[in-house]
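What follows is each chain in one-letter form.
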Amino acid sequence: MMGKRALWVCFVLLSGYSLAHAEGNAAAGKEKSEACASCHGDDGNSNAPIFPKLASQHASYTAKQLREFKSEKRANPTMTAMAEPLSDADIDDLSAYFAQQKIKLEKAGAANPLGETIYRTGNASSGVPACTGCHGPDGAGNPSAMFPALRGQYAAYLEKTLSDFKAGARANDANSIMRSIAAKLSNEEITAVSGYASGLQ
Ligand code: HEC
Ligand code: HEC
């Protein structure tokens, strides 16, 4: 028999865990997403490549980005203005809603040997690791590790955000993971791997 005290400790640990991983309410998120539709589309499939698609993205990653736009840890004046009025519950609800929407995938595109090599094996001579290791062979990412999905995302946005990591203009990645990788990519490699990751199915 477990003592009362041990049970209480388990309860506190478990409830703390679930609080830290609050699940949003997707139905409430749908209503709140009206403010986002003009740029990101009704269902998170944005209609211009300068606006990233939010559909199918892991809720954990989307929530992290919204909290960091709000605190200006991720610098973007438009998105900071959008995130400013959002409560923690709004952020979780919006993230749950977009995670449930289906992303419109991009066409696989023409053969892209440079992009494929960088994505699948990296570049040993410059020390770039394979993207597959974290973003997955099909670009689906990993929600528990907060590695975002890349497949179906607009190539132009992937290229912009990788260039921002490279320049340090985007600096909200834990332990500089993406900044240190992007710094080793040439501009040509950034363009190629962005096109390749966008076309993953
Ligand atoms: C006026 C246009 C506009 C509106 C309205 C807008 N956004 Fe954005 N959003 C952007 C732009 C531009 C970016 C890309 C920022 C960058 O390049 O770093 C972005 C990026 C994001 C990202 C990061 C995506 C990623 O893959 O990292 C999230 C999440 C996001 N927006 C959520 C929202 C939500 C939720 C709303 C509504 C509350 C919203 N946005 C409203 C323009 C907009
Ligand atoms: C060790 C794990 C790891 C590896 C390897 C890795 N990434 Fe990432 N990547 C991450 C993490 C973590 C984030 C989220 C950063 C954040 O929280 O803002 C990320 C974010 C990104 C984003 C931003 C997505 C968005 O929606 O804004 C792009 C683009 C990206 N990675 C591309 C790549 C490419 C291309 C490679 C291979 C050259 C690569 N990554 C290798 C961990 C990794």
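Participant: I'd like a rundown of the site of ligand 1, residues and numbers included.
Facilitator: Around ligand 1, a shell composed of 21 residues is seen, among which Cys36, Cys39, His40, Tyr61 and Met79 lie nearest. Between ligand 1 and Tyr61 there is a distance of 2.7 Å, counted from an oxygen atom to a side-chain nitrogen or oxygen. Contact between ligand 1 and Lys160: an oxygen atom at 2.7 Å from a side-chain N or O atom of the residue. For the shell around ligand 1, the secondary-structure elements that each account for two or more residues are α3 (37-40), α4 (59-70), α5 (77-83) and α9 (155-167). In terms of residue count, α4 provides more of the shell around ligand 1 than any other element does, five residues in total. Of the residues belonging to the shell around ligand 1, the class tally is 13 nonpolar, six polar and two charged.

Participant: Account for the pattern of salt bridges, with residues named and values stated.
Facilitator: Applying the stated rule across the entire model yields 10 salt bridges. For Lys73, the salt bridge identified is with Glu68, shortest N-O distance 3.8 Å. Assessed through its relative accessible area of 49%, Lys73 is described here as partly exposed. When its relative accessible area of 9% is taken as the criterion, Glu68 is described as buried. For Asp164, the salt bridge identified is with Lys160, shortest N-O distance 2.9 Å. Taken as a pair, Asp164 and Lys160 lie in helix α9 at a separation of four residues, close to a single helical turn. The class for Lys160 is partly exposed, based on a relative accessible area of 45%. Linked by salt bridges that have partners in common, Lys32, Asp90 and Asp93 make up one network.

Participant: I'd like a rundown of the side chain of Thr80, residues and numbers included.
Facilitator: Of note, Thr80 is situated in helix α5. Of the polar contacts made by the side chain of Thr80, one reaches the backbone oxygen of Phe69; its length is 2.9 Å. When residues no more than four places from it in sequence are discounted, the contact partners of Thr80 are Phe69, Lys70, Glu72 and Arg74.

Participant: Could you give me a rundown of the nonpolar core, with the residues and numbers involved?
Facilitator: Within the largest apolar cluster, 19 residues are counted, with the highest numbers of intra-cluster contacts made by Ile118, Tyr119 and Val193. At the level of secondary structure, the elements contributing two or more residues to this core comprise α7 (113-121), α9, α10 (177-184) and α11 (187-198). The contacts of Val193, once residues within four sequence positions are left out, are Gly115, Ile118, Tyr119, Cys131 and Leu162. Listed in part, the 12 residues of the second largest apolar core include Ala63, Ala83, Leu86 and Phe98.

Participant: Explain the coordination of the iron atom of ligand 2 to me, and be specific about the residues and the numbers.
Facilitator: At this site the iron atom of ligand 2 is bound by His135 (NE2) and Met178 (SD), with donor distances of 2.1 to 2.3 Å. Coordination geometry of the iron atom of ligand 2: the six donor atoms subtend angles of 86 to 179° at the metal centre, consistent with an arrangement described as octahedral. Linking His135 in helix α8 (residues 132-135) with Met178 in helix α10, this pair joins segments that are 43 residues apart in sequence. Residue His135 shares its accessibility class with Met178, and that shared class is buried.

Participant: Lay out the site of ligand 2 in plain terms, naming residues and giving numbers.
Facilitator: In the vicinity of ligand 2 there are 26 residues, among which Cys131, Cys134, His135, Tyr157 and Met178 approach most closely. Arg170 has a polar side-chain atom sitting 2.8 Å from an oxygen atom of ligand 2. Contributing elements (two or more residues each) for the shell around ligand 2: α4, α8, α9 and α10. Of all the elements, α9 adds the most residues to the shell around ligand 2, at five residues. Residue composition of the shell around ligand 2, by class: 19 nonpolar, four polar and three charged. Two domains share the shell around ligand 2, each providing at least three of its residues, namely domain 1 (22-100) and domain 2 (113-198).

Participant: Outline the packing of aromatic side chains, listing residues and values.
Facilitator: Under the counting rule described, the total for this entry stands at two aromatic pairs. Each ring, one from Tyr119 and one from Tyr196, has its centre 5.7 Å from the other, and the planes form 50°; the classification is tilted. Pair noted here: Tyr119 is in helix α7 and Tyr196 is in helix α11, with a separation of 77 residues, a long-range link. Pair check on accessibility: Tyr119 and Tyr196 agree, each one buried.

Calculation rules
Residues numbered from 1 in each chain as written. Chains lettered and ligands numbered in written order. Predicted model: local features only at pLDDT ≥ 70, side-chain atom pairs only at ≥ 80, totals over all residues. Heavy atoms only, no water. Near = heavy atom within 4 Å. Polar contact = N/O pair within 3.5 Å; in protein donor to acceptor, adjacent residues only side chain to side chain. Helix = DSSP H or I, 4+ residues; strand = E, 2+ residues; numbered from the N terminus. Nonpolar A, V, L, I, M, F, W, Y, C, P; charged D, E, K, R; others polar. Salt bridge = Lys/Arg side-chain N within 4 Å of Asp/Glu carboxyl O. Buried < 20%, exposed > 50% of the residue type's maximum accessible area, 1.4 Å probe, protein only. Contact = heavy atoms within 4.5 Å. Core = buried A, V, L, I, M, F, W, Y, C linked by side-chain atoms within 4.5 Å. Donors = N, O, S within 2.8 Å, 3.2 Å for Na, K, Ca; no water. Tetrahedral: all angles 85-135°; square planar, octahedral: opposite > 155°, others 65-115°. Domains from an automatic or database assignment. Phe/Tyr/Trp six-rings, centres within 6.5 Å; stacked < 30°, edge-to-face > 60°.

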